[in-house]
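Structural description and commentary
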Amino acid sequence: MKVTLVNHSDTLGGASVVTYRLMQALCRAGVDARMLVVKRATDDNRVVLAGNAVTRKAAFIAEHLHIVAGNGFSRDNLFKISIARAGLPLHRHPYIKEADVVALNWVNQGMLSLTGVRRIAATGKPVVWTMHDMWNMTGVCHHAGTCDGFMHNCGNCPLIKGGKDAYDMSRTTFSRKMRLYDRTHIHFVAVSRWLASRAKDSALLRDEDISVIPNAFPVDEFPLTPSLSRAELGLPEGKHLIVMGAARLDDPIKGLPTAVDALNILADNGSDAIAVFYGAMRDPAALDGLRLPHISLGTISDRRRLASLYAHADAVISTSQYETLPGTLIEGMAAGCVPVTFGRGGQADIVDHLDTGYIARYGDAADFACGIGFALDNAAEDRDRRSAIVARRFSDATVASKYIDLFNRLLQK
């Protein structure tokens, strides 16, 4: 079986990392899997650039000029909006022509237009489109937040200048997606049950075929036994460790102020735990109000250091406003941590409330603090069981087998 995975990049960005990891997992399972990208960061010969430097740049610029024009010639929210007007003619690429199955992933920012998707589907090959965010079910946004326009037909989009035009760019893009989905057969994959439920709530995808297959995670890279000591990591001995990490910790979506409020409740109750943060922060004062002793390690690019941090820790926390499938919880749980999180997203696919972890009431810092207390009380028990559960649900082999089953079913049709 030949499968071509289409994604904007091979390793630049969250969707890119998990798509590249899926390609590797499929190859290990005996599939001839390849990857087609417009930004390449690896030297893997199975990853090929689409187009050339000129056509890639032209499509990128054209896509964003369309967005600026549709936004009242404003650059506001430029990279929060995708309309898939411009793209490359990927249906002509040898990787597409030779494939038995085409697996689309995150293909925005001028990589693939909706017309380009239709042309790939017109080849008669099964097309699987894995959703890493909400864009497939909305007009233009990647995360709807509290907006419910995607349940109807979009329009009056808060991301578009003015936000008071019923027939704005979000409505016209929504209509274009509706025509595409009505006229082509695409099998959609949601990476979490939460994302699938959002899709079924949407006017665009409620009648489409949707499977739930999680992202693959290299859980074996996060062993229970740390390879580096606390001293080597710059961590104190004899203290409970609470870990929170993100690419950018003070991104508003990550909910860092809520984490600070919850940790302050622990501090006021006399906890002897230490909070350990990793990731970039644009605001150097983001943690100034935190009363619990804490350490900020900055960005960690060494997987061995990250794995050892989790293995020494008791709890891994995420206060994100929404996450399709938060990888930090999976990584920490693989190393035995107790995860504590809110439930607006794919967290319930990872955490079994009051068993393997704690799902707090959304936005409730006091309940989140209770969850951290639960984690610290139970961290020493069942570390190996938590690790085994994560491996069973999210290992490369498990996820690859689910995709192979789906591809075979579609090919048999």
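The structure this text deals with has already been given above.
Structure report, in brief. This is a predicted model, so every value here is computed, not measured.

Focus: the overall build of the protein chain
- On a plain count of helices and strands, the protein chain comes out with 13 helices and 13 strands.
- Here the C-alpha atoms of the protein chain give a radius of gyration of 22 Å, agreeing with the 22 Å that 2.2 N^0.38 yields for 413 residues.
- The C-alpha extent of the protein chain, read off along each of the three principal axes, is 60 × 50 × 40 Å.
- Counting the 413 residues in the protein chain, one finds 56% classified as buried.
- The contacts in the protein chain between residues at least 6 apart in sequence include a share of 66% that link residues at least 24 apart.
- Looking at the protein chain, you have 47 positive and 43 negative side-chain charges, and the mean spots of the two groups are 9 Å apart.

Focus on the sheet that holds strand β2 (residues 32–37)
- Strand order in the open sheet made by the seven strands is β3-β2-β1-β4-β5-β6-β7, with parallel pairing throughout. With partners counted over all chains shown, the strands left at the sheet margins are β3 (47–49) and β7 (210–212), one partner each. The sheet shows a mean angle of 25° between the axes of neighbouring strands, taken without regard to direction.
- Examined bridge by bridge, strand β5 (residues 127–131) and strand β6 (residues 187–190) share four bridges and lie parallel to one another. Bridging from a neighbouring strand, V128 pairs with H187 of β6.
- The strands touched by helix α6 (residues 193–201) within the sheet are β5, β6 and β7, with β7 carrying the most contacts at an inclination of about 165°.

Side note on the nonpolar core
- Judged by nonpolar contacts, the single largest core of 76 residues is most densely connected at V6, L90, L104, W129, M131, L205 and Y310.
- Broken down by element, this core gets its largest block of residues, five residues, from helix α9 (residues 303–312).
- Those residues in contact with Y310 that lie beyond four places of it in its chain are F222, V243, Y278, V316, T328, E331, G332, A335, C337 and R383.
- Ranked by size, the runner-up nonpolar core spans 31 residues in total, among them L256, A259, L292 and I372.

Conventions adopted
Per chain, residue numbering runs from 1 following the sequence as it is written. Given that the model is predicted, a residue must reach a pLDDT of at least 70 before its local features are reported, and side-chain atom pairs must reach 80 or more before they are shown or counted; all residues, however, enter totals for whole chains, interfaces and linings. Hydrogens and water are ignored here; the side-chain numbers use all heavy atoms of the structure. Helix and strand assignments come from DSSP, with helices taken as H or I runs of at least 4 residues and strands as E runs of at least 2, each series counted from the N terminus. For the radius of gyration, the atoms used are the C-alpha atoms, and the globule rule reads 2.2 Å times the number of residues raised to 0.38. Exposure is judged per residue with a 1.4 Å probe applied to protein chains only, and the accessible area is read against the type maximum: over 50% gives exposed, under 20% gives buried, and values in between give partly exposed. Should any heavy atoms of two residues lie within 4.5 Å, those residues are counted as being in contact. Charge counting follows a simple rule: Lys and Arg are positive, Asp and Glu are negative, and His as well as the terminal groups are ignored. Where a charge lies is defined by one atom per residue type, namely NZ (Lys), CZ (Arg), CG (Asp) and CD (Glu). Pairing between strands is defined by DSSP: at least two bridges between them are needed. Here an angle of 0 to 180 degrees is reported between the N-to-C directions of two axes, which are lines fitted to C-alpha atoms, with helices fitted over the stretch in contact. Only buried residues count toward a nonpolar core, which is a set of Ala, Val, Leu, Ile, Met, Phe, Trp, Tyr and Cys residues joined through side-chain atoms within 4.5 Å.

Note that all results are geometric; they support no functional claim without further evidence.
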